[in-house]
Amino acid sequence: MNSRAFHSVDGTYNFAYLDEQTKRMIRRTLLKAIAVPGYQVPFGGREMPMAYGWGTGGIQITASIIGRDDTLKVIDQGADDTTNAVSIRRFFRRVAGVQTTEETSKATLIQTRHRIPEKQLTEKQILVYQVPQPEPLWKLEPREVETRKLHAYSEYGLMHVKLYEDISRHGEIITTYDYPVEVNARHIMSPSPIPKFDNPKMAMMPALQLFGAGREKRIYAIPPYTRVRSLDFDDHPFKPQRFDKPCALCGAEEVFLDEVILDDKGDHMFVCSDSDHCRERRAAGHTGSRASDAADMGFVPTEGLN
Amino acid sequence: MYVATKGGESAIEATHELIAEERRGDTTVPELGTDQVRNQLGRAVDRVMTEGSLYDPDLASLAIKQAQGDMVEAIFLLRAFRTTLPRFGAAEPLDTSKMIIRRRISAAFKDIPGGQILGPTYDYTHRLLDFDLVKEGANATSAPEATATEQTMPRVTDILGAEGLMQAENREEIEAEPFDLGRQPMSFPANRDQRLQNLFRGDEGFVLALGYATQRGYGRNHPFVGEIRMGFVEVEFTPPELGFTISIGEIEVTECQMINQFTGTKDIQPMFTRGYGLAFGQSERKTMAMALVDRALKASELGEDRDHPPQDEEFVLAHSDNVEAAGFVSHLKLPHYVDFQSELSLLRGLREDALSTQDKEAAE
Amino acid sequence: MNALLEAQSVGHSYAGGQLGCEDVSFRLYPGEVLGVVGESGSGKSTLLGCLSGMIEPSQGSVRFDAGGQGLRDVFSLSEPERRLLMRTDWGIVRQNPRDGLRMNVSAGGNVGERLMAVGARNYTEIRGEALDWLTRVEIPSGRIDDLPRTFSGGMQQRVQIARILVSKPRLVFMDEPTGGLDVSVQARLLDLLRGLVRDLGVAAVVVTHDLAVVRLLSDRLMVMRQGRVVESGLTDQVLDDPQHPYSQLLVSSVLQA
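Residues numbered from 1 in each chain as written. Chains lettered and ligands numbered in written order. Predicted model: local features only at pLDDT ≥ 70, side-chain atom pairs only at ≥ 80, totals over all residues. Heavy atoms only, no water.

> For the overall build of chain B, give the residues involved together with the corresponding values.
Assigned secondary structure in chain B consists of 13 helices and four strands. In terms of principal-axis extent, the alpha carbons of chain B reach across some 90 × 70 × 55 Å. Buried residues in chain B amount to 41% of all 364 residues. Counting contacts in chain B only where the partners sit at least 6 residues apart, residues at least 24 apart contribute 65% of the total. Each charge class in chain B was averaged separately, 37 positive and 60 negative side chains, and the resulting centres sit 3 Å apart. (Helix = DSSP H or I, 4+ residues; strand = E, 2+ residues; numbered from the N terminus. Buried < 20%, exposed > 50% of the residue type's maximum accessible area, 1.4 Å probe, protein only. Contact = heavy atoms within 4.5 Å. Lys, Arg positive; Asp, Glu negative; His and termini not counted. Charge placed at Lys NZ, Arg CZ, Asp CG, Glu CD.)

Right, here's the structure in full:
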């Protein structure tokens, strides 16, 4: 990931937008974050030309580690063609001139919002998460002076109080996304608002996982092959979501599905949230119950779709 | 029929074109020049420079034009540009006692050395729409020439300070390398330099509301306007390679120093405490509000109760920035359908469980 | 027997110069209940703050025997050690239950918190223990999932007590535990407290302006005035035969009232 020349494609800004000093600062932060898995490292986050909350943390990480030889994939909600993913991909094409791809297996760097790709990632890949609220304890304790102590002294009882309340009221833990995890048997961490379906993928993942919260100015990381455990009780173990039907387009099971409303009479279908995974399966000849409708519905390679 | 909620590159390009067209508006109306913005919408330029944290009237004017007058958007544009600028170091502290003054008032004393100077202010205008302004060229009045006030005007708070009546600023804090909010993340508890930088950049509406709240009892701190002064000050910088101080230009600022009550302790004689406000250009409202909030945030170091939001530094400092706030509020427009799907499935599941329990109970 | 808590010449003045308390010394032994009485402004709340690690005294020392390792200065403990102490060996019953409870967490969750804080991870067991403790403080089992705000003041106070006692602390600090409650509710709460303290053998420091509270709960008594202890001794002795003129005044004023 070396960047030999420091100019963006159009020459207006430095390569990958950020100046080299800032990139060095962020890389130092990343090293610290990797050294202490799950610990939120404060960093001098910069104002980016995108709005806070729209991925500025992930963008700063990507900008700091991307090199000319990288191939970038950007997804939002699992899909490459959602507007903000398109916008971020365009940004990096413009300021870094790197190759971009929609194919998970071809990417060396994947920036994501709210999902982990279905395909198992490899040691040669880095997954960068956009994080809106890095503090897993914020709903219970808004004060940072206090939450930093809770992390420092491993005082995590409060987190289980929340889970206890869920079970006592609803019979189960009702957190469905941004489900807190314990990393490397030490820090409790927000996995970012991915569905809890994706939580198990974080554990012992071969790829490096980096998390950037731009507005809150925090970076954290999970090194490859690190233990990641979703919080639970011994007698109420963690359960990821399950879908009773396969993807209506590619027939995939054990994947996260999006509900697509088809008309105002209650007709709907469930399709893969990971658009590349679905495309790849369909290309390989897998079909779901409504595969024939797929083309009509715009589930085709969508570059240039209005 | 199903409509794909997916947007491609061409859709994004089209929206950029559409907004450019909207910005220009009716092409039979002459286009607004950034020099017109700079000269005729000065207070807007001042606010964008202050909260955009960059003293550059031309760029601020451009930002205002580009954002169609949307101030928060213009501030955001200026901030994003500021990020790309190299940083040479910190200037010497501004010496506002050497300000070339255009306006200067004190509410604490009737007469002060150097006198009260009204300068340009809306304070005594009657807020009646001036329909003459509709006609172009009708407003070519010229104000009487002011005599340049070269004489030094001591700051009111310094006069009180000389008598030991005003709490002095902490020397160590002044001499320490200043915190840089543009480079370093905010941390708590925050030092005074962090607080002041944050309030300086903070949204005028937010800071104003908090300052107002202190006046209504939510963290009351008995303020008097010691002095508001507005004018030009020199910015000095010491390049490390030179080793001596050089002047790099002049900027227009407004400064407000509030005098607040405070009873002393066993070890410290009773004295007044200070609330400080500063902004680029002419921004009295902002500096006054800032001074009120600055003083409220001193509650804990003065051993006062911290019962109200303006005294709670995490609450104030974490929410004052309108670029952060606007971004996070607007991000709710981004797709959240993965998370929503998760909630939807859960809710359906919980309702099914409840229904089957009811059925079972009904059957028994 | 070794002392559990030892105060040596404890004194504290506030930043504004006001005196909180001055030169207070005593030893508290396991299972013993010490009452501290005085009118408002007598320094008893400051003293309680100093003893319970909330206010660092400007003079003297407070030492506690944590886990039978001998007396250690409470303020020389590291912050995590002190915080651990506060959720295990110690408990603080606040006058206003709102300050001692999480108002947005159910009664069961409030009681279970301390168990979870020290690593309990079995829901059924945590809930079982919470239920047991709520029953012991006479909260109907059907209300385990209700929020404290739906409870009366007396019930809230009992939930707070259960929340603290569940971790089997060795020392409990109580700040006007019956303040703000109706007289009949006060009597019932005191009765309950007395039973629990005796059954569990927990030591306690009870600060109050109400002599009825200390007569019922405490073994020994300290009378404070203007920041200083003016008289101390066995509770019955001090209340029945006060020596200091101020103690005499305090006792007689209650009798008249």
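Moving on from the model shown.
> How would you summarise the interface of chain A and chain B if you had to cite specific residues and measurements?
Each side of the interface is counted separately: chain A has 63 residues, and chain B has 48 residues. Of the roughly 4900 Å² buried between chain A and chain B on both sides combined, carbon and sulfur atoms contribute 56%. Contact with chain B buries area across many residues of chain A, yet E47, W54 and R90 of chain A alone supply 13% of it, more than any other trio. At the junction of chain A and chain B, the tally comes to six salt bridges. Put simply, K217 of chain A and E324 of chain B hold a salt bridge, and the shortest N to O gap is 2.9 Å. Our enumeration of links across chain A and chain B arrives at 23 residue pairs in polar contact (both at pLDDT 80 or more). Going through the elements one at a time, helix 3 (83-96), helix 4 (144-152), strand 11 (257-261) and strand 12 (268-272) of chain A are the ones with two or more residues in the side of chain A that touches chain B. (Buried area = accessible area lost by both parts, 1.4 Å probe. Salt bridge = Lys/Arg side-chain N within 4 Å of Asp/Glu carboxyl O. Polar contact = N/O pair within 3.5 Å; in protein donor to acceptor, adjacent residues only side chain to side chain.)

> An account of the domain arrangement of chain A is requested, with residue identities and associated values reported.
Residue and element names in this part refer to chain A. Taken domain by domain, chain A consists of domain 1 (3-137 + 177-230) and domain 2 (242-297). Across the boundary between the two partners, domain 1 contributes 14 residues, which contact eleven residues of domain 2. Of the roughly 990 Å² buried between domain 1 and domain 2 on both sides combined, carbon and sulfur atoms contribute 46%. When the buried area of domain 1 at its contact with domain 2 is split by residue, E118, K119 and F197 rank highest and sum to 45% of it. Residue K119 pairs with E280 through a salt bridge whose shortest N-O separation is 2.8 Å. Taken together, the links from domain 1 to domain 2 amount to eight residue pairs in polar contact (both at pLDDT 80 or more). Split into classes, the residues belonging to the side of domain 1 that touches domain 2 amount to four nonpolar, three polar and seven charged. (Domains from an automatic or database assignment. Nonpolar A, V, L, I, M, F, W, Y, C, P; charged D, E, K, R; others polar.)

> Can you break down the environment of L239 of chain C residue by residue, with the values?
Residue and element names in this part refer to chain C. Tracing the chain through its elements places L239 in helix 9 (residues 235-240). Spatially, the C-alpha atom of L239 lies 40 Å from that of L147, the residues being 92 residues apart in sequence. If near-sequence neighbours (up to four positions away) are discounted, L239 is found in contact with L211, R215, L221 and V251.

> Give a description of the pattern of salt bridges that names residues and reports values.
Residue and element names in this part refer to chain B. A full pass over the atoms with the stated rule returns 69 salt bridges over all chains. Between K98 and D95 there is a salt bridge, with its nearest N and O atoms 3.6 Å apart. For D95, a relative accessible area of 29% puts it in the partly exposed group. For R295, the salt bridge goes to E304, with nearest N and O atoms at 2.7 Å. A relative accessible area of 1% means that R295 is categorised as buried.

> Got a sec to walk through helix 3 (residues 42-52) of chain B? Specific residues and values, please.
Residue and element names in this part refer to chain B. For helix 3, the tally of buried residues reaches ten of eleven residues, placing the bulk of the element in the interior. Looking only at helix 3, the buried set comprises G42, A44, V45, D46, R47, V48, M49, T50, E51 and G52. One or two positions beyond helix 3, positive phi appears at S53, with a value near 60°.

> Could you give an account of the packing of aromatic side chains, with specific residues and numbers?
Counting across every chain of the model gives 15 aromatic pairs over all chains. Centre to centre, the rings of Y55 of chain B and F280 of chain B are 5.0 Å apart; their planes meet at 80°, and the pair counts as edge-to-face. With Y55 of chain B in the loop between helix 3 and helix 4 (57-66) and F280 of chain B in strand 4 (residues 273-280), this pair connects stretches of sequence that are 225 residues apart. Under the relative-accessibility criterion, F280 of chain B is labelled buried at 14%. Among the aromatic residues, those joined into a ring-pair cluster are F197, F243, F256 and F270 of chain A. (Phe/Tyr/Trp six-rings, centres within 6.5 Å; stacked < 30°, edge-to-face > 60°.)

> Before we move on, can you summarise the state of the cysteines with the specific residues and values?
Applying the stated rule across the entire model yields zero disulfides over all chains. C50 of chain C provides the cysteine sulfur closest to C21 of chain C, a residue in no disulfide bond, and the two sulfurs are 4.7 Å apart. (Disulfide = S-S within 2.5 Å.)

> Any details on the packing of helix 3 of chain B against helix 5 (residues 71-83) of chain B? Residues and values, ideally.
All names here are of chain B. Contact geometry for helix 3 and helix 5: axes closest at 8 Å, N-to-C directions at 50°. When the axes of helix 3 and helix 5 are compared, the pair comes out oblique. The chirality of how helix 3 crosses helix 5 is right-handed. In this structure, helix 3 uses A44, R47, V48, M49, E51 and G52 to contact helix 5, whose residues at the interface are M71, A74, I75, L78, R79 and R82. Residue composition of the contact of helix 3 with helix 5, by class: seven nonpolar, one polar and four charged. (Axes fitted to C-alpha atoms, helices over the stretch in contact; angles between N-to-C directions. Parallel < 35°, antiparallel > 145°, perpendicular 65-115°, else oblique. Left-handed = near helix turned anticlockwise from the far one by under 90°.)

> Lay out the packing of helix 5 (residues 157-170) of chain A against helix 5 (residues 123-136) of chain C with the relevant residues and their values.
In contact at an axis separation of 11 Å, helix 5 of chain A and helix 5 of chain C are set at 80° when each is read in the N-to-C sense. Taken as axis vectors, helix 5 of chain A and helix 5 of chain C run roughly perpendicular relative to one another. In this structure, helix 5 of chain A uses Y164, I167 and S168 of chain A to contact helix 5 of chain C, whose residues at the interface are Y123, I126 and R127 of chain C. Looking at the contact of helix 5 of chain A with helix 5 of chain C, its residues break down into four nonpolar, one polar and one charged.

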